[in-house]
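Results of the structural survey
Listed below, chain by chain, are the residues.
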Amino acid sequence: MPTPPPPPPDSRSGQGPRIAMVAALVPALVALALWAFAWPAARTAPRDLPLGVAGPAAAAEPVAQRLEQREGAFEVHRYADEAAARSAIEGRTVYGAVVATPKGPKLLTATAASPVVAQLLEQAVREQAPEGTRVPTVDVVPAPEADPRGSALGSSVLPLAITGVAAGALVTLGGLRGLRAAGALVLAAGLVGVVAAALTHSWLGILTGNWWAEAGVLGLSTLAVSATVAGIGALLGPAGIGVGALLMVLLGNPFSGVTSAPRLLPEPIGVIGQLLPPGAGGTLLRSVSFFDGAQAAAPALTLGIWTMLGLTGVLLGARRGRRAPASEEPSAVRDAAPVG
């Protein structure tokens, strides 16, 4: 009498741990998202914010001392006159400057660097000026008329990060490997740069620099994200897409400081944000669009490093994928049993 087959395993018996994992993972992700987005916004304040003080030593020294009394708020740079302070602002060495004049303090700002910082400096200087003193303000590098508060520029970081993650995910899930994957990533990023420049510069008018330079920055920012996601995906499999998305969107976007300034974020969030593609891309875009490329080397290098690391991961993942079937073939032949 043949032995009856064993009953099929109850699939519900293995669902308990999965339910527990989901129940624990979802609140953890919510807590991480709230921490990443809400904490920096709730703790916005100047932290070693570069600020210039210009004028004769006798008049400028008391101004510098009053600013330095706010411990940890400002990093004071001294300049001989207003022209030197203006040059420092245009070169992105400082966010603004206080010029000591016979009639009282005069404030130089750059809303193109950060409208939030410009407003903060106006408030700080007026509070420290003698009562009843009018503090004239000059915007040395103004923000574009189409985006005076910088909100449109700040809103461009998240779509670029999401686009980069989507491009990296499509390459990974689409089965592209090696040079084909790298070529697809570069081509997609180049097209994204052209389309994004057409929208932000030609249509919306929120960027005012060299059109092709801006398109290059937008494309490089996208490529740094997409190459990283595809590289992690090539090495870790589809799970790498989630790791890349977590790094670029959930951390990179709120840590970028584009809507305010990196020096206004809690430490070390501001530093970390500038080491990630969204923050480096936002800083580089400001430099190219409003400051003729001043201080562009560091963020450009950061984006280049992420791009090279990501493309290297794509190529290494393809080589590993080619070796795996070759190593499995002898084992399959060795384990095959003759028939009959």
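Structure's up top.
Attention here is on the structure that accompanies the text.

What counts, and where the lines are drawn
- Residues numbered from 1 in each chain as written.
- Predicted model: local features only at pLDDT ≥ 70, side-chain atom pairs only at ≥ 80, totals over all residues.
- Heavy atoms only, no water.
- Pairing = 2+ DSSP bridges.
- Helix = DSSP H or I, 4+ residues; strand = E, 2+ residues; numbered from the N terminus.
- Right-handed = clockwise from strand over helix to strand, strands pointing away.
- Buried < 20%, exposed > 50% of the residue type's maximum accessible area, 1.4 Å probe, protein only.
- Polar contact = N/O pair within 3.5 Å; in protein donor to acceptor, adjacent residues only side chain to side chain.
- Contact = heavy atoms within 4.5 Å.
- 1 Å grid on protein atoms, 1.4 Å probe; cavity = no way out; pocket = protein on both sides within 12 Å on 5 of 7 lines; lining within 4 Å.
- Points joined across faces, edges and corners; volume = space filled by probe spheres on them.
- Nonpolar A, V, L, I, M, F, W, Y, C, P; charged D, E, K, R; others polar.
- Expected span 1.5 Å × (residues − 1).
- Core = buried A, V, L, I, M, F, W, Y, C linked by side-chain atoms within 4.5 Å.
- Axes fitted to C-alpha atoms, helices over the stretch in contact; angles between N-to-C directions.

1. Some points on the pairing of strand β2 (residues 74-79)
- One ladder, built from 6 bridges, connects strand β1 (residues 49-54) with β2; its direction is parallel. The partner of Pro50 across the bridge, within β2, is Glu75.
- In this region the chain leaves β1, passes through helix α2 (residues 57-68) and returns to the parallel neighbour β2; the handedness of that crossover is right-handed.

2. Some points on the environment of Leu29
- The residue Leu29 is located in helix α1 (residues 15-42) in this model.
- On the basis of relative accessible area, Leu29 is assigned to the partly exposed category, the value being 42%.
- In this structure, the C-alpha to C-alpha distance between Leu29 and Leu246, residues 217 residues apart in sequence, is 9.8 Å.

3. Details of the pairing of strand β4 (residues 104-109)
- Most of β4 sits inside the fold, with 6 of its 6 residues counted as buried.
- Note: strand β3 (residues 96-101) against β4, 5 bridges, orientation antiparallel. If you follow Val99 over to β4, its bridge partner there is Lys106.
- As consecutive antiparallel partners, β3 and β4 are separated by 2 residues.
- Direction of pairing for β4 relative to strand β5 (residues 137-139): parallel, over a ladder of 3 bridges.

4. A few points about the side chain of Ser114
- Locating Ser114 in the fold gives a position in the loop between β4 and α4 (115-128).
- Polar side-chain contacts of Ser114 include one of 3.2 Å to the backbone nitrogen of Val117.
- Ignoring sequence-local partners within four residues, the contact set of Ser114 consists of Tyr95, Ser260, Ala261 and Arg286.

5. Describing empty space enclosed by the protein
- For the structure shown, the criterion picks out 3 cavities of 30 Å³ or more.
- Quantified by volume, the largest cavity comes out at close to 130 Å³.
- Lining the largest cavity are 15 residues, with Leu160, Ser221, Pro278, Gly281 and Gly282 positioned closest to its centre.
- Of all elements in the fold, only α6 (157-173), α8 (211-236) and α11 (277-290) reach the threshold of two or more residues within the lining of the largest cavity.
- For the lining of the largest cavity, the leading source of residues is α11, giving 5 residues.
- Its residues assigned to classes, the lining of the largest cavity comprises 11 nonpolar, 4 polar and no charged.
- Estimates place the volume of the second largest cavity at around 80 Å³.
- Every residue lining the second largest cavity is listed: Val63, Arg66, Leu67, Val98, Pro105, Val125, Gln128, Ala129 and Pro130.
- Sorting the residues of the lining of the second largest cavity by element identifies α2 and α4 as the ones contributing at least two each.
- At 3 residues, the largest contribution of residues to the lining of the second largest cavity is made by α2.
- Taken together, the residues of the lining of the second largest cavity sort by class into 7 nonpolar, 1 polar and 1 charged.

6. Regarding helix α7 (residues 178-203)
- For α7, which comprises 26 residues, the first-to-last C-alpha distance of 37 Å matches the rise-based estimate of 38 Å (1.5 Å per residue) to within 8%.
- Here α7 has its buried residues at Gly178, Ala181, Ala182, Leu185, Ala189, Gly193, Ala196, Ala197 and Thr200.
- One or two steps after α7, the chain reaches Gly205, where phi turns positive at roughly 75°.

7. Considering the nonpolar core
- Among the nonpolar cores identified, the biggest contains 64 residues, and Leu67, Phe74, Ile89, Leu121, Val141 and Phe291 are the most heavily contacted of them.
- The residues touching Phe74, leaving out its near neighbours within four places in the chain, are Pro46, Asp48, Leu49, Leu51, Leu67, Leu120, Leu121 and Ala124.
- Counting residues in each nonpolar core, the second largest holds 10 residues, with Ala182, Leu185, Leu311 and Val314 among its members.

8. Brief notes about the sheet that holds β2
- Within the open sheet, the 5 strands sit side by side as β2-β1-β3-β4-β5. Their pairing is mixed. In this open sheet, the two strands that pair with only one neighbour each are β2 and β5. Taken over all neighbouring pairs, the strand axes of this sheet differ in orientation by 25° on average, direction set aside.
- In terms of strand pairing, β1 meets β3 through 4 bridges, oriented parallel. The residue of β3 that forms the bridge with Leu51 is Gly96.
- Sitting on the sheet, α2 touches β1, β2 and β3, and the angle it makes with β2 is about 170°.
- On the sheet, α4 packs against β1, β2, β3, β4 and β5 and is oriented at approximately 170° with respect to β4.

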